[in-house]
Amino acid sequence: MNAAILFFSPSGNTRGVAERIRGELLSRGWECNLTDVTGRVRTFREPGGMEKLRKELGPHDVLLVGGPVYANHLHYTVLDLIGSLPLPEPGSGTFAVPFVTYGGVSSGIALREAGGALSRRGRTVVAGMKVAASHRMTRAFLDRELNLDIPLEPAAAAVRDLGDLLGRLPYLPRPRSVLRSLSCNGPEAWFKATFVFREKKWHARRYPRIEVNADACRKCGLCGSRCPVGHLDAGRDGVPRETSEACIHCMNCAVECPAGAIRLVGDLEKGKAFIAHMIEHHANRERPATAVYPLRRDLPDPSPGSPGDRGFRAMLNALDSPVRSRRMNPVEALKAAGVADARRILEVGCGSGYFTEAAASLVSPGAVYTAIDIHPAAVEETRRKLDRAGVRRMRVERVDAGSTGYPDAGFDLAILFGVIPSPFLPLDRLIPEVLRLLVPGGTLAVWTIARGWNPESLVPFGVSLLRSRGGVHVFRKEVGSRALRMEGA
């Protein structure tokens, strides 16, 4: 898989996230190209600029575009750039992911704007990410930058989640657009962004302008190099002057000038009061502050003794009925799945532990067997069975099978016995995640209670049927399926 990351980062926050994403994808075996357009926006507006950008991005399956949030919007520099992107070539760059950074006040409608712009340029938006960071503009108005000490772990966790989501992408027969989920802040955010925060007009009419004191200037050129849009340019005498490019009020020049030769001119007290009001009434209240969309589902936590909990426990008892044991030998089914020869085994949906307990006699010494289920009663019952049998080397964990959070290619065999079909876990969510977890060439074993189930229904996900025996169907994850499937997307 190839990814291209395009970003605009006036303060460095978006650059940090872009580099994290690149590191995550490289660790998963992707090829990933990073293109920073900060300070080079004019270059791509010149004749042939878009062709130059296309060459810089290089061949890619997924395009990730990042930028900062200014006044509830994705900065218009990034939106304008997206609107000028060349249409994807056949089989390349079909999928897109917008990501934004914001200072903890509000991410507004930035993700939805970015997703909509990418969609209009012929891309299917398969995910979106927002990251709460420090509010760099407040450096010019406050004694301490807002959220300067924001913890890094939420961003790191979000990047891992994004990596997992993209890792499932090659195994989806028809990846769907997730634009609707990017309207994460609801209609109120849309109303404010549309009718209150008119970002471009505010920059032109309401924000303070900058003024350069030529006598105090040391002619170091720092302000020009830190201006992300080329608003400042040093002349022959080395003194920075304003160009025709509009200032975006990132405040880099005024804050970082070592001589204090650049100052803000305007009603600064009004600006301070406005920022103080926004911080007091809105800062750090967005939940979740950092997230990947569509959101991972929270694990259900049914109350003990509730009707739902009693019903599930009754189902667990039925799974262990003597009738089932007479009709189906779990050991023979597990042998047909290849448990005895596998080294890293994942059982999805362990339920009552019916198959997990039987697998204990088959798993070879040194092999790692992990059983998962989303319901706490299932995990509890399976652990009880293993403890009673004295089995200590098998792991049982409460995990959502549609979004496990496990690393790529961590298992060589996955078992789905009695799991599909399920109205609660559709195939287009379950199978891509399971295939992401399997090594290339790994096997997937399926047994289902549904009569007439067609094993060929899994082939579009990138597997081939190896054998069927005793109702157990064994599939192989195709090693070369990724490139072929992306070309046909």
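The structure we're discussing is the one just above.
Residues numbered from 1 in each chain as written. Predicted model: local features only at pLDDT ≥ 70, side-chain atom pairs only at ≥ 80, totals over all residues. Heavy atoms only, no water.

Chemist: Residues and numbers for the pattern of salt bridges, please.
Modeler: Close approach of charged atoms lets side chains of opposite charge pair. Scanning the entire structure with this criterion turns up 30 salt bridges. Here Asp387 and Arg392 are joined by a salt bridge, their closest N and O atoms 3.6 Å apart. Taking relative accessible area as the criterion, Arg392 reaches 62% and is therefore assigned exposed. (Salt bridge = Lys/Arg side-chain N within 4 Å of Asp/Glu carboxyl O. Buried < 20%, exposed > 50% of the residue type's maximum accessible area, 1.4 Å probe, protein only.)

Chemist: Go over a nonpolar patch on the surface, please, and point to the residues and values.
Modeler: A surface patch of nonpolar side chains, about 430 Å² in accessible area, is lined by Trp190, Phe191, Phe195 and Val196. Tracing the backbone through its elements, the reader meets Val196 in the loop between α7 (186-195) and α8 (199-205). (Patch = residues over 30% accessible without salt bridge, like charges linked within 9 Å, V, L, I, M, F, W, Y side chains within 5 Å. Areas by Shrake-Rupley, 256 points an atom, 1.4 Å probe, with all protein chains shown as cover. Helix = DSSP H or I, 4+ residues; strand = E, 2+ residues; numbered from the N terminus.)

Chemist: For the packing of aromatic side chains, give the residues involved together with the corresponding values.
Modeler: Under the criterion given, the structure shown has 6 aromatic pairs. With a centroid separation of 5.7 Å and 85° between ring planes, the pair formed by Trp190 and Phe195 is classed as edge-to-face. An angle of 90° between the planes, with centres 5.1 Å apart, marks the rings of Tyr354 and Phe355 as edge-to-face. Overall, Tyr354 belongs to the buried group, its relative accessible area being 10%. Looking at Phe355, the relative accessible area reads 4%, which means it is buried. Counting every residue linked through ring pairs, the aromatic cluster contains Tyr354, Phe355, Phe417 and Trp447. A cation over an aromatic ring shows up here: Lys200 above the ring of Tyr76, its NZ or CZ 4.9 Å from the ring centre. (Phe/Tyr/Trp six-rings, centres within 6.5 Å; stacked < 30°, edge-to-face > 60°. Lys NZ or Arg CZ within 6 Å of the ring centre and 35° of its normal.)

Chemist: Before we move on, can you summarise the sheet that holds strand β19 (residues 472-477) with the specific residues and values?
Modeler: Strand order in the open sheet formed by 7 strands is β15-β14-β13-β16-β17-β19-β18, with mixed pairing between adjacent strands. In the strand order of this sheet, the two ends are held by β15 (394-398) and β18 (463-469), each with one partner. Recorded for the sheet is a direction-independent mean angle of 20° between the axes of neighbouring strands. In this sheet, strand β17 (residues 438-447) lies alongside strand β16 (residues 411-417) in parallel orientation, the contact comprising 6 bridges. Residue pairing across strands places Ala414 opposite Leu444, the latter belonging to β17. Against the sheet, helix α17 (residues 427-437) engages β13 (344-348), β16, β17, β18 and β19, with an angle of about 135° to β17. (Pairing = 2+ DSSP bridges. Axes fitted to C-alpha atoms, helices over the stretch in contact; angles between N-to-C directions. Contact = heavy atoms within 4.5 Å.)

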